[in-house]
Amino acid sequence: MIELVKFPKDFTWGVATSSYQIEGAVNEDGRTPSIWDTFSKTEGKTYQGHTGDVACDHYHRYKEDVQIMKEIGVKAYRFSIAWPRIFPEEGKYNPKGMDFYKRLVDELLKREIIPVATIYHWDLPQWAYEKNGGWLNRESVKWYVEYASKLFEELGDVIPLWITHNEPWCSSILSYGIGEHAPGHKDWREALIAAHHILLSHGEAVKVFRDMNLKGAQIGITLNLTPAYPASEKEEDKLAVQYADGFANRWFLDPIFKGNYPEDMMELYSKIIGEFDFIREGDLETISVPIDFLGVNYYTRSIVKYNEDSMLKAENVPGPGKKTEMGWEISPESLYDLLKRLDREYTKLPMYITENGVAFKDEVTEDGRVHDYERIEYIKEHLKAIARFIEEGGNLKGYFVWSLLDNFEWAHGYSKRFGIVYVDYETQKRILKDSAFWYKGVIEKGVIE
Ligand SMILES: OC[C@H]1NNC[C@@H](O)[C@@H]1O
């Protein structure tokens, strides 16, 4: 007996991308460098020195790509806007840069695809970074609000869903603390300062958004969340989970939904970074202004054991499940656990899975196709977890596959393919993978077998 898993009729089936990962055209129509242009051109920072100079040439091929979305039948398209196209210099608005997004939105609306805009997906203008380190400078909040306000003015009447930030954990901790992402700093105090200013910019932008009273438009934030599990039933491993969970999840969930940073993590971090003197009176009220929805990016879980020598008292151990090309364990049941926890402990607001997807070794076979059955399996299992949550009353409104296209996977360059559409970077030819045809069927029927 084939199990049929049904989704609500109005479920938002989408795909997601981001500007630096797909657009290319890095010097076109007034765009100036972002920190990722600088970082990717720095020796040793990205796989084989790959950059986003051309990427998927989406800046020129957007009409073709929107037509592909139409063929797949997606209802919504989550993309990000490149700040350096809109404000190539501080205070200097660039209408030609904005015009690209107006053209893109026109193409989407012509095909009745809902545009979902991420305001910041990591391509900070280099000019902002050069003013005392970008997000380390509290002025970044002002720059960001000026940028977001201009987007609301110019696109607020045609874009119904706005996401202030994509994965603040990555644009702060991974970028200023661990150093794997631009600007590549390795300083925990800087990481927490950047996180604070990013969260503050989120809250300030939401306030401006509310003041503009944009009819029918909603605003939220997207967090990448990684549920942590203990390697054993030992009490010390459970303590390791508490700190791993604080590090990955609660440091962002708590200020947004509870109006405070988690006490246990502040205590732990204060031993490393000293005073939290970058938090000012009223900041947490701003950060926790009410939003309309939460975007959740989910890929994998972590399993941790206690380690006295680690700052977080936690050390990752590999899970038993199958691994992806990124080395991430496949664990759809952890997505269900995560959604239940968010519903229980944080919010009853509508949620969207704003990213979920997987990198496997994709090859174009003799028949000119890409038989990515493992990706179909991955997406199917995660959709089942989502369906179970919805069935139990969970307020989950939509799902965006990461990604529409194979694209620039940050430090991994083009070596990791997440797309449901294959990109031949030599020719820029797009090939719908089997997963794209499968997803088309799911969208059409609203069920998975
Ligand atoms: O690693 C896959 C994706 N994860 N979330 C942010 C995106 O920019 C990444 O490509």
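Residues numbered from 1 in each chain as written. Predicted model: local features only at pLDDT ≥ 70, side-chain atom pairs only at ≥ 80, totals over all residues. Heavy atoms only, no water.

We count it as follows: UniProt positions are given in the numbering used here, feature names are shortened, and annotations may be inferred rather than shown by experiment.
The chain goes by beta-glucosidase in an unreviewed UniProt entry, where it is assigned to Caldanaerobacter subterraneus subsp. tengcongensis. Listed in UniProt under the heading Catalytic activity (unreviewed entry), the comment for the chain reads: "Hydrolysis of terminal, non-reducing beta-D-glucosyl residues with release of beta-D-glucose."

Remarks on helix α5 (residues 95-110)
Residue pairs three or four apart in sequence face the same way in an α-helix, which turns once every 3.6 residues. Which entries qualify depends on this criterion: Under the scheme used here, helices are H or I runs from DSSP no shorter than 4 residues and strands are E runs no shorter than 2 residues, and both carry numbers assigned from the N terminus. Given the number of residues in a helix, its expected span is that number minus one, multiplied by 1.5 Å. Classification of residues uses two cut-offs on accessible area relative to the type maximum, computed with a 1.4 Å probe and protein chains only: under 20% is buried, over 50% is exposed, and between them is partly exposed. Working rule for contacts: check all heavy atoms of both residues, and any pair within 4.5 Å makes them a contact.
Here α5 spans 22 Å end to end across 16 residues, near enough to the 22 Å set by a 1.5 Å rise per residue. Among the residues of α5, Gly97, Met98, Phe100, Tyr101, Leu104, Val105, Glu107 and Leu108 are the ones counted as buried. In the core, the buried residues of α5 are packed alongside α1 (19-22), α3 (58-72), β3 (76-80), α4 (83-86), β4 (114-120) and α7 (139-155). Of the residues flanking the end of α5, it is Glu112, one or two places downstream, whose phi is positive at about 55 degrees.

Remarks on the packing of helix α14 (residues 373-391) against helix α15 (residues 434-445)
To keep things clear, this is the line we draw: Axis lines are fitted to C-alpha atoms, over the contacting stretch for helices. Their N-to-C directions set the angle, which ranges from 0 to 180 degrees. Each angle is binned into one of four classes, with values under 35 degrees roughly parallel, values over 145 roughly antiparallel, values of 65 to 115 roughly perpendicular, and all other values oblique. Asp, Glu, Lys and Arg are counted as charged, while Ala, Val, Leu, Ile, Met, Phe, Trp, Tyr, Cys and Pro are counted as nonpolar; the rest, among them Gly, fall into the polar class.
It is the contact of α14 with α15, at a shortest axis distance of 9 Å, that shows an interaxial angle of 30 degrees. Comparing their axes, α15 and α14 come out roughly parallel. Of the residues in α15, those in contact with Arg375, Ile376, Ile379, Lys380 and Leu383 of α14 are Asp434, Ser435, Trp438 and Val442. For the contact of α14 with α15, the residue count by class is five nonpolar, one polar and three charged.

Side note on the nonpolar core
In plain terms, the rule: Here, the term nonpolar core denotes a set of buried Ala, Val, Leu, Ile, Met, Phe, Trp, Tyr and Cys residues that are joined through side-chain atoms within 4.5 Å.
Ile72, Trp162, Ile386 and Tyr439 are the most contacted members of the largest nonpolar core, which has 157 residues in total. Per-element accounting of this core gives the leading share, 11 residues, to helix α9 (residues 188-212).

Notes on unusual backbone geometry
That bond from Ala182 to Pro183 is cis: its omega, 10 degrees, falls within 30 degrees of zero. Inspection of the secondary structure assignment puts Pro183 in the loop between α8 (168-178) and α9. Positive phi values are uncommon outside glycine, yet Asn132 reaches one of about 60 degrees. Mapped onto the secondary structure, Asn132 falls in the loop between α6 (126-129) and α7. The exposure class assigned to Asn132 is exposed, which follows from its relative accessible area of 64%.

Observations concerning the sheet that holds strand β6 (residues 218-224)
Strand pairing in a sheet is mediated by backbone hydrogen bonds. Such pairs are either parallel or antiparallel. Formally: DSSP calls a pair of strands paired once it identifies at least 2 bridges connecting them.
Judged by pairing direction, the barrel is parallel, and its eight strands sit side by side in the order β2-β3-β4-β5-β6-β8-β11-β12 before closing back on the first. The mean inter-strand angle of the sheet, taken between neighbouring strand axes irrespective of direction, is 25 degrees. As paired elements, strand β5 (residues 161-166) and β6 share four bridges and run parallel to each other. By the bridge assignment for β6, Asn166 is matched with Thr222. The strands touched by α8 within the sheet are β4, β5 and β6, with β6 carrying the most contacts at an inclination of about 40 degrees. Those strands touched by α9 are β5 and β6, and its axis lies near 165 degrees from that of β5.

Thoughts on the UniProt feature "binding site: substrate" (unreviewed entry) in the chain
Counted only if it meets this: The way it works is a 1 Å grid over only the protein atoms, where trapped points that fit a 1.4 Å probe form a cavity and open points with protein on both sides within 12 Å along at least five of seven lines form a pocket, and then any residue with an atom within 4 Å of a point lines it. Under the rule applied, a polar contact is a pair of N or O atoms within 3.5 Å (in protein, one hydrogen donor and one hydrogen acceptor; residues adjacent in sequence only if both atoms are side-chain atoms).
If you check UniProt for "binding site: substrate" (unreviewed entry), the listed places come out as Gln21, His121, Asn166, Tyr299, Trp402, Glu409 and Trp410 in our numbering. Looking only at the residues we just named, the largest pocket is lined by Gln21, His121, Asn166, Tyr299, Trp402, Glu409 and Trp410. Locating Asn166 in the fold gives a position in strand β5. Judged by relative accessible area, which is 0%, Asn166 ranks as buried. Leave out the neighbours within four places in its chain, and Asn166 touches Arg78, Thr118, Tyr120, His121, Trp122, Ser171, Thr222, Asn297 and Glu355. Reaching out from Asn166, the side chain makes a polar contact with the side chain of Arg78 at a distance of 2.7 Å. A relative accessible area of 3% means that Trp410 is categorised as buried. Here Trp410 is in contact with Ser18, Tyr20, Gln21, Trp36, Thr46, His121, Trp122 and His181, once residues within four sequence places are set aside. Polar contacts involving the side chain of Trp410 include one to the side chain of Gln21, which spans 3.5 Å.

Some points on the sheet that holds strand β9 (residues 302-306)
Ordered in space as β7-β9-β10, the three strands form an open sheet in which the pairing is mixed. Each having just a single partner strand, β7 (228-230) and β10 (314-317) make up the two edges of the open sheet. Pairwise comparison of adjacent strand axes, ignoring direction, gives a mean angle of 45 degrees for this sheet. Across four bridges, the pairing between β9 and β10 is antiparallel. Looking at β10, one finds that Tyr306 is bridged to Ala314.

Regarding the packing of helix α10 (residues 235-258) against helix α11 (residues 263-273)
Where α10 meets α11, the axes come as close as 10 Å, and the angle between the chain directions of the two elements is 105 degrees. Of the possible angle classes, the one that applies to α10 and α11 is roughly perpendicular. Of α11, the residues touching α10 (which contributes Gln242, Tyr243, Gly246, Phe247, Arg250 and Trp251) are Asp264, Met265, Met266, Leu268 and Tyr269.

As for the site of the ligand
The line we're drawing: If a single non-hydrogen atom of a residue is within 4 Å of a molecule or strand, that residue counts as near it. All accessible-area figures derive from a Shrake-Rupley calculation using a 1.4 Å probe, and residue coverage is judged against the displayed protein chains alone.
Taken together, Gln21, His121, Trp122, Asn166, Glu167, Tyr299, Trp328, Glu355, Trp402, Glu409, Trp410 and Phe418 make up the full set of residues adjacent to the ligand. Side-chain polar atom of Glu409 to an oxygen atom of the ligand: 2.7 Å apart, as the coordinates give it. At a separation of 2.8 Å, an oxygen atom of the ligand approaches a polar side-chain atom of Trp410. When the ligand is considered free in solution it has 280 Å² of accessible area, and contact with the protein chains removes 96% of it.

Examining the side chain of Asn356
Position of Asn356 relative to the elements: it lies in strand β11 (residues 351-356). Polar side-chain contacts of Asn356 include one of 3.2 Å to the side chain of Tyr378. What Asn356 contacts, discounting residues up to four positions off in sequence, is Tyr298, Tyr299, Tyr378, His382, Tyr399, Phe400, Val401 and Trp402.

So, the environment of Glu392
Secondary-structure assignment places Glu392 in the loop between α14 and β12 (396-402). Residue Glu392 is classed as partly exposed on the basis of its relative accessible area of 40%. Counting along the chain gives 219 residues from Glu392 to Ile173, while the straight-line C-alpha distance between them is 34 Å. When near neighbours in sequence (up to four residues on either side) are disregarded, Glu392 contacts Tyr336 and Lys340. A distance of 2.5 Å separates a polar atom in the side chain of Glu392 from a polar atom in the side chain of Tyr336.

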